[in-house]
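# Fold and geometry: a report
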Amino acid sequence: MTMATDTADSPLTTPANEGGEVAAPPPRPHWLRRLLRDKAAAAAILLLALICLGAVLAPWLAPYDPALNSRAVMKPPSFMQGGVPEHLLGTDGQGRDILSRLLYGSRLTLLIGLVAVGLGGAVGSFIGLLSAFYARLDPWVMRGIDILLSFPAILLGLALVAVMGQGIVPVIIALAVSSVPDCARIARGIAMGVMKQEFIEAGRAVGLSDVTLFQRYLLRNCISSIMIFLSLRFGQIILIGATLSFLGLGAQPPAAELGMMASQGREYLLFAPHIAVIPSVLIFLIVLTANVAGDALRDVLDPRLQT
Amino acid sequence: MKTLSHMSVKRAALRTGLAATAIALAMPAFAKDLTIIREIDSNHYDPPRTAALAGSEVLFMLADTVVGLAEDMKTIEPLLASSWEISDDGLTYTFTIRDDVTFCDGKAMTAEDVAYSLNRWQDPETKSPVRWRMGDVKSITAPDATTLVYELNAPHSELLYQLAQSFGSVVDKETVEALGADFGVTGFNGTGPFCWDSWTPRDQMVMTRHEDYHWGPANYENAGPAQVEKITWQVVPEAATRTVALMTGQGQVSPYVPFIGIEKLRMAPNVEVVRSDEAFWTNYIGFKIDKPMVNDPLVRQAINLAVNQEAMAEDLFFGEVEPAYSYISSGALDWNSDLDDKLLTYDPEKAAALLDEAGWTLNADGKREKDGELLQPLAYTFTGSWAQVVEAVQADLLKVGIDLQIQPFDATVYWGKAATQEFDMFTMGFPYISAGDALNLYFLSANMPSPNRMNWNDPETDKLLYDGATAVDPAVRAEDYGQVLTKVHEAAVWLPIYHKPMQIAYSTEIKPFEAHNIYGAGLYKGLQLGYVD
């Protein structure tokens, strides 16, 4: 998309004139501008960007090695009573710096979310598009998807971990697999609409191959809507991923992961609540901002919502 | 004195009545039910086949042994045997078995049942991990319904103490045969103060009072039946939740006092903490010494030097435990005090030097490697507080470049996993009163792969242990065991972590009692457990 200039004040756009002629609606401002006009969305995007930046730059930002223990255990954040200035967000039960673990932890948490959504989204969308493209496949594929839909992600995660052993990879696979049915349904829905368009028939009429038709006409027309769905799905995946780690299935020590940090803090909930509360708040913020940002993106990008 | 008017008497009576009702309501119907809170469950409850403390805790209540043990951990009390005689050569024990004992299903118990249970323990088919505790048995027979003859090939000075352990619990042959592998899983039939009701693994074990019980050991004022009608052993893995459960009265007793909460519990007006130092409990991490990662004694010594047990005892256990550098407490019988100044204490620099010497050099990432292979020993552990210990060990080892891998398992799974050859290191804790208690359990070659999970296979050790166990002279025994202690400490087959005291927290609604310490089971028969009137 080329950068459109804001033409609201341009002399070319004239309001409905005296004669009662209805002028064409003013051209819409650029989507980015519309997005940032929504205060909540702008704040959410900014916060999410900050969190992502912190995660990416963790090795440079973290004041300590996240696995390094110390004798200063269960210290509250430095701004609270009993806190020490060396540890801004305090330390956990092993004397590890919570801020450092948070930075590295959000890295892993976001990575799990991104890879799982990417993988699940790609496979799911492909299945959905294919199913819309070849109508004969549709009932079979969709019944299969229905079966997959009946497995909760957590159950799937538990089953996969039982087979593959604990670790990040089984969790990513479980999350990806659990994203497949949702993505497939959404992609199919969008593609069904596109398939009814005349340019598809036109393409067929001029003898384009299935591959070209699929790639150039169907995929390109669906991709933005699918991306919006995925951005919404991202928040959910992060939450389920953190839950699986909380249950001890995902990241293994000494790695830091937000769900695992919350789980470790559970032992200390009565005595040093910050150990569990801080990572939980960050999970909450990531999920919330991802959802708000996804919602806002849909509002400005989804052609079906444009009137 | 002015007499009360008719009205006020009536009102007073009404008030008293209401108060009584209120008390009756406050002292609910479940005042006869007791909940014991524990951290972990056992893998099953078949006496000779489990060495788990969680198993013994329950089995002491479900079944009886030939003799009992008092809280002082020394006095042997009559239990199923009302008396016994020991031959002058120490080889034949003749027990007179009580004739008024019944199983939970009402059937009378005879010497035949005792002989069956002990022979089952001894039977190689049973694969008991604690078979050595019986001594070198020649035969165990029941010539008549009230006589049991226990014959040995060599003297076994600890025999009565060992027969008081839960492994020799007397069980009903018919039930064992009817249930097969499910014995101690779906059902049980013993003569204990409580009877098996139901078991939901990892959740709860429910037992009900054995109404006919009246043969409790003499260390209890109450010989039976038990004071409470029902006991529920509730598994609560999280330390914080256990603390809260005790403070809010969701459970009345817990031998699994979370160290993190102990200060809070001591200060709580409705909870008492009782302690026993009559026996020992040591937690350690063992090495499978024939695994390539840890087969070099230098590496094992380096790991011992790299770990800061003192910091762990203070930071993870709030100073409630004693950091361990020796494999048994130096207060235990037959400890070899020559070893006192040879123990491996915290010295990370020396650890690094030993690793260099062993050929494990630091790579660019700060990790140790040899011939392109990283030093990444795999440790199997219980979940819960053990996982915290292993994580602290992992962090300490990382500082000298060792990349410890951790694989935690729930206790119901762990025992099976720890009996395999899959790991390089494992976590375990054990109760004992003497060096012999500990060494015979862990270092006999016959005890591989479990409980000798180290694969310590040394004929000389086997001989010394046999000589020690059958020695009549205590000095000879101490000398034999002392040599074994030197051998295993020099080989650094363990990384000792801490010695812990027996502490039991209980609600003030419960009558005060003395903590027991038999095999670390602080509540023993449970006959002392009752609500304050």
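Parameters at a glance
- Residues numbered from 1 in each chain as written.
- Chains lettered and ligands numbered in written order.
- Predicted model: local features only at pLDDT ≥ 70, side-chain atom pairs only at ≥ 80, totals over all residues.
- Heavy atoms only, no water.
- Helix = DSSP H or I, 4+ residues; strand = E, 2+ residues; numbered from the N terminus.
- Buried < 20%, exposed > 50% of the residue type's maximum accessible area, 1.4 Å probe, protein only.
- Contact = heavy atoms within 4.5 Å.
- Areas by Shrake-Rupley, 256 points an atom, 1.4 Å probe, with all protein chains shown as cover.
- Axes fitted to C-alpha atoms, helices over the stretch in contact; angles between N-to-C directions.
- Parallel < 35°, antiparallel > 145°, perpendicular 65-115°, else oblique.
- Left-handed = near helix turned anticlockwise from the far one by under 90°.
- Nonpolar A, V, L, I, M, F, W, Y, C, P; charged D, E, K, R; others polar.
- Disulfide = S-S within 2.5 Å.
- 1 Å grid on protein atoms, 1.4 Å probe; cavity = no way out; pocket = protein on both sides within 12 Å on 5 of 7 lines; lining within 4 Å.
- Points joined across faces, edges and corners; volume = space filled by probe spheres on them.
- Patch = residues over 30% accessible without salt bridge, like charges linked within 9 Å, V, L, I, M, F, W, Y side chains within 5 Å.
- Salt bridge = Lys/Arg side-chain N within 4 Å of Asp/Glu carboxyl O.
- Lys, Arg positive; Asp, Glu negative; His and termini not counted.
- Charge placed at Lys NZ, Arg CZ, Asp CG, Glu CD.
- Expected span 1.5 Å × (residues − 1).
- Buried area = accessible area lost by both parts, 1.4 Å probe.
- Domains from an automatic or database assignment.
- Core = buried A, V, L, I, M, F, W, Y, C linked by side-chain atoms within 4.5 Å.
- Pairing = 2+ DSSP bridges.

## Considerations on the overall build of chain A
Looking only at helices and strands, chain A features 11 helices and 0 strands. The linear arrangement of helices and strands in chain A, starting from the amino end, is α-α-α-α-α-α-α-α-α-α-α. The buried share of chain A, reckoned over its 307 residues, is 44%. Considering only contacts in chain A between residues 6 or more positions apart, those separated by 24 or more positions represent 70%. Here chain A displays about 16000 Å² of accessible surface, and carbon together with sulfur accounts for 68% of that area.

## A closer look at the side chain of Ser 131 of chain A
Within the element layout of this structure, Ser 131 of chain A appears in helix α4 (residues 98-133). Aside from chain neighbours lying at most four places away, what touches Ser 131 of chain A is Asp 138, Val 141, Met 142 and Arg 188 of chain A.

## A closer look at the packing of helix α6 (residues 153-164) of chain A against helix α9 (residues 210-246) of chain A
All names here are of chain A. Direction vectors running N to C along α6 and α9 enclose 45°, while the axes themselves pass 10 Å from each other. Comparing their axes, α9 and α6 come out oblique. The two elements α6 and α9 cross, and the hand of that crossing is right-handed. Within the contact between the two elements, α6 uses Ala 153, Ile 154 and Gly 157 and α9 uses Ile 240, Thr 243 and Leu 244. Of the residues assigned to the contact of α6 with α9, the class counts are 4 nonpolar, 2 polar and no charged.

## Section: the state of the cysteines
Within the structure shown, the criterion is met by 1 disulfide over all chains. The disulfide that involves Cys 104 of chain B links it to Cys 195 of chain B, with 1.9 Å between the sulfurs. What sets the handedness of the Cys 104 of chain B and Cys 195 of chain B disulfide is the S-S torsion sign, and at about -90° it is left-handed. Here Cys 104 of chain B, found in the loop between β5 (92-97) and α3 (111-122), pairs with Cys 195 of chain B, found in strand β8 (residues 194-200); they are 91 residues apart in sequence, far enough to count as distant. The class of Cys 104 of chain B is partly exposed, set by a relative accessible area of 27%. The thiol sulfur of Cys 222 of chain A is not disulfide-bonded, and the nearest other cysteine sulfur, from Cys 183 of chain A, lies at 13 Å. By relative accessible area, which is 0% here, Cys 222 of chain A ends up buried.

## So, empty space enclosed by the protein
Gaps between atoms show up when a probe of the same size as a water molecule is rolled over them. Residues and elements named next belong to chain B. Counted by the stated rule, this structure contains 3 cavities of 30 Å³ or more. The space that makes up the largest cavity amounts to roughly 830 Å³. Lining the largest cavity are 50 residues, with Glu 39, Tyr 256, Asn 283, Ser 385 and Lys 500 sitting closest to its centre. For the lining of the largest cavity, the elements supplying multiple residues, two or more each, are α2 (53-62), α6 (239-247), β13 (280-287), α11 (385-398), β20 (425-432), α13 (435-442) and β22 (502-507). If you tally residues by element for the lining of the largest cavity, the top one is β20, at 4 residues. Here the residues of the lining of the largest cavity sort into 33 nonpolar, 9 polar and 8 charged.

## Here's the deal with a negative patch on the surface
Residue and element names in this part refer to chain B. On the surface, Asp 338, Asp 340, Asp 341 and Glu 479 cluster together into a negatively charged patch. Along the chain, Glu 479 falls in helix α15 (residues 474-490). Looking at Glu 479, the relative accessible area reads 47%, which means it is partly exposed.

## Comments concerning helix α14 (residues 459-470) of chain B
Residues and elements named next belong to chain B. For α14, built from 12 residues, the straight-helix expectation of 16 Å at 1.5 Å per residue is met to within 8% by its first-to-last C-alpha distance of 17 Å. Thr 461, Asp 462, Leu 464, Leu 465, Gly 468, Ala 469 and Thr 470 are the residues of α14 that are buried. Next to the buried residues of α14 lie α13 and α15.

## Considerations on the interface of chain A and chain B
Of the residues lining the interface, 20 residues belong to chain A; the matching set on chain B comes to 25 residues. Between chain A and chain B, a total of about 2000 Å² is buried, with carbon and sulfur atoms accounting for 51% of that surface. Per-residue buried area on chain A facing chain B is highest for Arg 71, Glu 267 and Phe 271 of chain A; these three make up 30% of the total on that side. Here chain A is connected to chain B by 4 salt bridges.

## Points about α2 of chain B
Residue and element names in this part refer to chain B. Burial within α2 is extensive, with 10 of its 10 residues counted as buried. Turning to α2, its buried residues are Leu 53, Ala 54, Gly 55, Ser 56, Glu 57, Val 58, Leu 59, Phe 60, Met 61 and Leu 62. Structurally, α2 contributes buried residues whose contacts are with β1 (33-38), β8, β9 (204-209), β10 (230-235) and β13.

## Looking at the layout of surface pockets
Space inside the largest pocket adds up to approximately 1300 Å³. Residue lining of the largest pocket: 45 residues in total, with Leu 247 and Gly 248 of chain A together with Thr 383, Gly 384 and Pro 408 of chain B positioned closest to the centre. Looking at the lining of the largest pocket, its residues break down into 20 nonpolar, 14 polar and 11 charged. Counting only domains with at least three residues in the lining of the largest pocket, you end up with domain 1 (36-276 + 502-507) and domain 2 (280-499) of chain B. Considered as a void within the structure, the second largest pocket measures approximately 710 Å³ in volume. In terms of lining, the second largest pocket is formed by 37 residues, of which the most central are Ser 128, Pro 129, Arg 131, Trp 132 and Asn 447 of chain B. Sorting the residues of the lining of the second largest pocket by element identifies α3, α12 (411-417) and α14 of chain B as the ones contributing at least two each. The greatest single-element share of the lining of the second largest pocket, amounting to 5 residues, is contributed by α14 of chain B.

## Details of the nonpolar core
Grouped together as the largest cluster of nonpolar side chains are 219 residues, with contacts concentrated most on Phe 95 and Tyr 150 of chain B. The element contributing the most residues to this core is α9 of chain A, with 13 residues. Both domain 1 (36-276 + 502-507) and domain 2 (280-499) of chain B contribute no fewer than three residues apiece to this core. Sequence-distant contacts of Phe 95 of chain B, defined by excluding residues within four places in its chain, comprise Val 66, Val 67, Ala 81, Ser 83, Trp 84, Thr 146, Thr 147, Leu 148, Tyr 150, Leu 160 and Leu 163 of chain B. Counting 7 residues, the second largest nonpolar core, distinct from the first, contains Leu 246, Val 257, Ile 262 and Val 271 of chain B.

## Let's talk about the sheet that holds β20 of chain B
Residues and elements named next belong to chain B. Taken in spatial order, the 6 strands line up as β14-β21-β13-β20-β18-β19 in an open sheet, and their pairing is mixed. Sheet topology places β14 (322-323) and β19 (405-409) at the edges, where each strand pairs with a single neighbour. Of the pairings in the sheet, the one linking β14 to strand β21 (residues 494-499) comprises 2 bridges and is antiparallel in character. When the bridges of β21 are listed, Glu 322 appears paired with His 499. Helix-sheet contacts for α13 involve β13, β20 and β21, and the interaxial angle to β20 is about 145°.

None of this, on its own, says anything about what the molecule does.
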